[in-house]
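A structural walkthrough
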Amino acid sequence: MAIPITKQSKPITELKEGDKVWINGKEMKVDKHYLLQDYKDMKEMIVEIFNEDNEREYQIRYFDDQIESSIEVYELLEDFQYVLREPKNIAW
């Protein structure tokens, strides 16, 4: 399921540490943005974000050649597992 992107202040590929991301209207901050895996024709990217209100960590994962259709959001649980979440919207 594709997550609706409601607003983009710049391309997701340009997000960096300290930038703000909103998931379901909740403000979070970017910790890191890095390459997870480099395939021949595309790159799998991760944006790590932190929600200061609930002190939880999340990841936005996407493929650079199909950004809008590949965005997924994962939440880091206490047992160090990432679980796929399905937010209603995302913005940055």
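Here we summarise the structure given alongside this text.

**Examining the overall build of the protein**
Along the backbone of the protein there are one helix and eight strands. Secondary structure elements of the protein occur, N-terminal to C-terminal, as β-β-β-β-β-α-β-β-β. Relative to the globule expectation of 12 Å for 92 residues, the C-alpha radius of gyration of the protein, 12 Å, shows essentially globular dimensions. Its C-alpha atoms give the protein principal-axis dimensions of roughly 40 × 30 × 25 Å.

**Things to note about the sheet that holds strand β1 (residues 5–7)**
Reading across from one edge, β1-β8-β2-β3-β4-β5-β6-β7 is the order of the eight strands in this open sheet, with mixed pairing throughout. Whereas interior strands pair on both sides, the edge strands pair on one side only; in this sheet they are β1 and β7 (82–85). One ladder, built from eight bridges, connects strand β4 (residues 43–51) with strand β5 (residues 56–63); its direction is antiparallel. Bridging from a neighbouring strand, I46 pairs with R61 of β5.

**So, the environment of L76**
Within the fold, L76 resides in strand β6 (residues 72–76). Residue class for L76 comes out buried when judged on its relative accessible area of 19%. Along the chain, L76 and F63 lie 13 residues apart, while their C-alpha atoms are 20 Å from each other. Apart from the residues within four sequence positions on either side, L76 is in contact with E57, Q81 and Y82.

**Observations regarding unusual backbone geometry**
Unlike most non-glycine residues, E55 shows phi in positive territory, near 55 degrees. E55 sits in the exposed class, given a relative accessible area of 63%. Not every positive phi belongs to a glycine, and F80 is a case in point at roughly 65 degrees. According to the relative accessible area criterion, F80 is exposed, its value standing at 70%.

Conventions adopted
- Residues numbered from 1 in each chain as written.
- Predicted model: local features only at pLDDT ≥ 70, side-chain atom pairs only at ≥ 80, totals over all residues.
- Heavy atoms only, no water.
- Helix = DSSP H or I, 4+ residues; strand = E, 2+ residues; numbered from the N terminus.
- Rg over C-alpha atoms; globule rule 2.2 N^0.38 Å.
- Pairing = 2+ DSSP bridges.
- Buried < 20%, exposed > 50% of the residue type's maximum accessible area, 1.4 Å probe, protein only.
- Contact = heavy atoms within 4.5 Å.

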